[in-house]
Amino acid sequence: MGGTATAESVIRTVGLTKHFKDVKAVESLDLTVRRGEIYGFLGRNGAGKTTTIRMMLALIRPTDGYAEILGQRMVPNAVRAFERIGSMVETPGFYGNLTVRENIEMQRDLLGLRRSGWVDEVVEMCDLGEYLSRKASTLSAGNKQRLGLARALIHKPEILILDEPTNGLDPVGIVQIRTILKQLSTDRGITIFLSSHILSEVQQIATRVGIIHEGRLLEEIALDDLRLRNRTYLEFAVSDAKRATWVLEDRLGISDYAVHEEGVVRVYSGLDRVGELNRALVEAGVEVTASRVSEDNLEDHFVKLTGGSDGDPAPEPRVGRRGWRR
Amino acid sequence: MTRALKAEFLKLKGSRTLLWTAIVVVAYAVLATVLNAVLLKDPSITARIASAGGSFRQAVDSGFYQVNWPNQLRVAVQGVSGTWGILLFSFVATYVFGREYKDGTAKNMLTLPVRREYFIAAKMVVVATWIVCLMLLSLGLHAVGLVIVGVPGFAWRHVWAALGDGLAVTLAIYLTLPLVAWITMTGRGYLRGMLFALAAVMVGNGFAATSLSRYYPWNLPVHLVGASWMPVVSVHPVLGSWVVSSCVFLAGLVLATRQTDAADDVS
């Protein structure tokens, strides 16, 4: 059973597969999460994120393959593993007839914990102090999410598995959760596995990401590697992209560029010639409505990998020499 | 196991469902008390009921409508053994098991470091406690009603006999509940479990007067004490009746426990 995960990897799935009749929800998923990481599990709605998490937590049986956490195969009654895991799957559920305090205390009892300062700390950390006497059914979606997180943290887990933890939260709540997670990772060394489809969120918090699309893991990459890999570019929004490319190539001799949707041109070389570029475009009668120096972010990377927002493959940008960018 | 048990009882704190099930029992007791008062005031009603013939005459002849302690305590127990009693107790089981899905708490419950079968066992203990309390409440309220109406002939032996019958009937129904719980879990809510219980009772009603009926777990309560719609017990349970019901109980427990292995499976 256990013992196959290396000392470094704390979560591992091997050929993890789930089919719901004809629907292949997850297909041969092999992912690894190392101790101390904040791992962002990215995918669109329906990509297979929640199904993967449910299999990892032994809530559903895999059609094939398996998941291991802390060296233990995740099967029903993996009691030893669950002692070290905190989790929140989708919208957390509570006993609405009980107060927030009673819900937390029930969790504490079930975990076999005595009352400790940590419980109070968790309540404070999740900003639940003023709601302790309120029935759980009366909480807002955001506060329910906070209560779910508090419940997941109450036994000081080594691993936190969160499915869309910022769902239903207002912007302030999102920042709060992000801060808490960063704090847990930094101060307590908790390994965090979180799924999300909000890429900007993940970019701000994760150290490594796995991108799942149509049930398949397309890539696992450290965000630092992603930053190194992605190039800085100068982006222009122009009135006439065709004429702009003529200016770039014939007037300025720049061939390392790409034309994106809606008259957006990205220039990858000559970044120290911003003024000259601007002037040349304007002189050629190309109106420049915006320009900025930028780099490919996680969102760009995600779209490149998974295709456009409508589910079709992302359109390839036209590239230098008035052809297609590699 | 103790932790699971404590949690399961705590989950009922402040639950309106507890109150609603008690209200059903109170309503039945009040109805019976009013009926007793009317029958005591005008004994000719009994004769008029008998004139309807068929099972009504049979009921009157058997003394079913005589207002006395043994008869009326038996009516209290028959309230439990009949359709509404079985459905009420089945509802308790569907609530205890189904709410985890309806409230979305199953996924938390099943990712705790507590063996899943402990939750099943703890829930069955809660169900047992709840339905025994309902049966005792029914019996107690009927007794209070008889005192209020002034029914003569009280003796403790009648109370003990009714209590024994009540516990036997409650046990007979309880043996069917793990299966109801399992069906509830497969339906991830209350409806499927209740429909199953209703169908099981209806099927049983269809052949309640046959000798085969004694082996049908949902008819066993009726054959122990009769029901308000069938006051005369004509088919008596045998050891095999309890054996079959016990097998249904064990099968239900096994299936419910196995169901937790695929607790979140929507396939």
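If you're wondering where the values come from, they're calculated on a predicted model, not measured in any experiment.

What counts, and at which threshold
Residues numbered from 1 in each chain as written. Chains lettered and ligands numbered in written order. Predicted model: local features only at pLDDT ≥ 70, side-chain atom pairs only at ≥ 80, totals over all residues. Helix = DSSP H or I, 4+ residues; strand = E, 2+ residues; numbered from the N terminus. Rg over C-alpha atoms; globule rule 2.2 N^0.38 Å. Buried ≥ 20, exposed ≤ 12 C-beta atoms within 10 Å, placed from the backbone. Contact = placed C-beta atoms within 7 Å. Nonpolar A, V, L, I, M, F, W, Y, C, P; charged D, E, K, R; others polar. Pairing = 2+ DSSP bridges. Axes fitted to C-alpha atoms, helices over the stretch in contact; angles between N-to-C directions. Expected span 1.5 Å × (residues − 1). Arc of directions from axis to C-beta. Domains from an automatic or database assignment. Core = buried A, V, L, I, M, F, W, Y, C linked by C-beta atoms within 7 Å. Parallel < 35°, antiparallel > 145°, perpendicular 65-115°, else oblique. Left-handed = near helix turned anticlockwise from the far one by under 90°. pLDDT = per-residue confidence, 0-100.

A.B. asks: Please give an account of the overall build of chain B that cites residues and values.
C.D. replies: Each helix and strand counted, chain B has 13 helices and zero strands in total. Listing each helix as α and each strand as β along chain B from the N terminus yields α-α-α-α-α-α-α-α-α-α-α-α-α. For 267 residues, the compact-globule estimate of 2.2 N^0.38 gives 18 Å, and chain B sits close to it at 20 Å. Judged by the C-alpha coordinates and their principal axes, chain B covers about 65 × 40 × 30 Å. Within chain B, buried positions represent 45% of all 267 residues. The contacts of chain B with a sequence gap of at least 6 include a subset with a gap of at least 24, amounting to 79%.

A.B. asks: So what about the overall build of chain A? Which residues, and what values?
C.D. replies: From N to C terminus, chain A includes eleven helices and 16 strands. For chain A, the proportion of its 326 residues judged to be buried stands at 41%. The long-range share in chain A, meaning contacts at least 24 apart out of those at least 6 apart in sequence, stands at 69%.

A.B. asks: Can you tell me about the interface of chain B and chain A, naming the residues and giving the values?
C.D. replies: Taken together, the contacts link 27 residues of chain B with 29 residues of chain A. Of all the secondary structure elements, the ones that give two or more residues to the side of chain B that touches chain A are helix H1 (2-10) and helix H7 (106-109) of chain B. The element best represented in the side of chain B that touches chain A is H1 of chain B, accounting for four residues. Each residue belonging to the side of chain B that touches chain A can be placed in one class, and the counts come to eight nonpolar, eight polar and eleven charged.

A.B. asks: Help me get a handle on the sheet that holds strand S6 (residues 85-88) of chain A, residues and values and all.
C.D. replies: All names here are of chain A. What the six strands build is an open sheet, ordered S6-S7-S8-S3-S9-S10; its pairing is mixed. The open sheet has two edge strands, S6 and strand S10 (216-222), and neither has a second partner. Across the sheet, the axes of successive neighbouring strands diverge by a mean angle of 15°, strand direction being ignored. Note: strand S3 (residues 38-42) against strand S9 (residues 208-213), four bridges, orientation parallel. Opposite Gly40, over in S9, you have Val209 as the bridge partner. This element, helix H11 (residues 298-306), spans S3, S9 and S10 of the sheet and lies at about 30° to S9.

A.B. asks: Mind laying out helix H13 (residues 239-260) of chain B, listing which residues take part and the relevant values?
C.D. replies: All names here are of chain B. Compared with an ideal rise of 1.5 Å per residue, which puts 22 residues at 32 Å, H13 spans 32 Å between its outermost C-alpha atoms and is within 8% of the ideal. Considered for burial, the residues of H13 that qualify are Ser241, Ser245, Gly252, Ala256, Thr257 and Thr260. Within H13, the buried residues cover an arc of 135° as seen down the axis, which keeps them to one side. Those residues of H13 that are exposed and angled more than 90 degrees off the buried face are Leu239, Gly240, Val243, Cys247 and Leu250. The inward-facing, buried residues of H13 contact helix H8 (116-149), helix H9 (156-174), helix H10 (177-187) and helix H12 (220-225).

A.B. asks: Break down the environment of Val79 of chain A for me, citing the residues and quoting the values.
C.D. replies: By secondary structure assignment, the location of Val79 of chain A is in helix H2 (residues 79-82). Filtering out sequence-adjacent residues up to four positions away, Val79 of chain A remains in contact with Pro113 and Arg115 of chain B.

A.B. asks: Tell me about the domain arrangement of chain A, and name the residues and values.
C.D. replies: All names here are of chain A. Segmentation of chain A into domains returns domain 1 (9-227) and domain 2 (230-324). Of the residues lining the interface, 13 residues belong to domain 1; the matching set on domain 2 comes to eight residues. Elements supplying a minimum of two residues to the side of domain 1 that touches domain 2: helix H7 (199-205), S9, S10 and helix H8 (223-229). No other element matches H7, which puts four residues into the side of domain 1 that touches domain 2. Residue composition of the side of domain 1 that touches domain 2, grouped by class: seven nonpolar, three polar and three charged.

A.B. asks: How would you explain the sheet that holds strand S1 (residues 9-20) of chain A if you had to name every residue and give the values?
C.D. replies: Residues and elements named next belong to chain A. Taken in spatial order, the four strands of this open sheet run S2-S1-S4-S5, and their pairing is antiparallel. The two strands at the open ends of the sheet, each matched to only one other strand, are strand S2 (23-34) and strand S5 (72-73). In terms of strand pairing, S1 meets S2 through eight bridges, oriented antiparallel. Directly across from His19, in S2, lies its bridge partner Lys24. Packing of helix H1 (residues 49-56) onto the sheet brings it into contact with S1, S2 and strand S4 (64-69), and relative to S1 it is tilted by some 115°.

A.B. asks: Describe in detail the nonpolar core, supporting the description with residues and values.
C.D. replies: Soluble globular proteins tend to pack their nonpolar side chains together in the buried interior. Ile69, Ala150, Ile159 and Ile192 of chain A together with Val92 of chain B are the most contacted members of the largest nonpolar core, which has 138 residues in total. Looking at this core element by element, the count peaks at 14 residues for H8 of chain B. With residues up to four places along the chain from it excluded, the contact list for Ile69 of chain A reads Val10, Ile11, Met56, Met74, Ala81, Ile85 and Ile159 of chain A. Of all hydrophobic cores here, the second largest spans 15 residues; its members include Val247, Val265, Leu277 and Leu281 of chain A.

A.B. asks: Which residues make up the packing of H10 of chain B against helix H11 (residues 191-206) of chain B, and what values go with them?
C.D. replies: All names here are of chain B. The N-to-C vectors of H10 and H11 enclose an angle of 140°; their axes lie 7 Å apart at closest approach. It follows that H10 is oblique to H11 by the angle criterion. Considering the relative orientation of H10 and H11, their crossing is right-handed. On the side of H10, the interface is formed by Val180, Ile183, Thr184, Thr186 and Gly187, while H11 contributes Leu191, Arg192, Gly193, Phe196 and Ala197.

A.B. asks: Explain the confidence of the model for chain A residue by residue, including any values.
C.D. replies: Chain-level pLDDT for chain A is 82 on average; 89% of the residues reach the 70-or-more range. This stretch, residues 1-7 of chain A, has a pLDDT under 50; its non-local contacts, to residues over four places away or in other chains, come to eleven contacts.

A.B. asks: Would you mind going over the environment of Val267 of chain A in detail, with residue names and values included?
C.D. replies: Residues and elements named next belong to chain A. Among the secondary structure elements, Val267 is positioned in strand S13 (residues 264-267). Sequence separation of Val267 and Thr245 is 22 residues, and the distance between their C-alpha atoms is 9.9 Å. Residues within four places of Val267 in sequence aside, it is in contact with Tyr233, Leu234, Leu248, Ile254, Tyr257 and Leu277.

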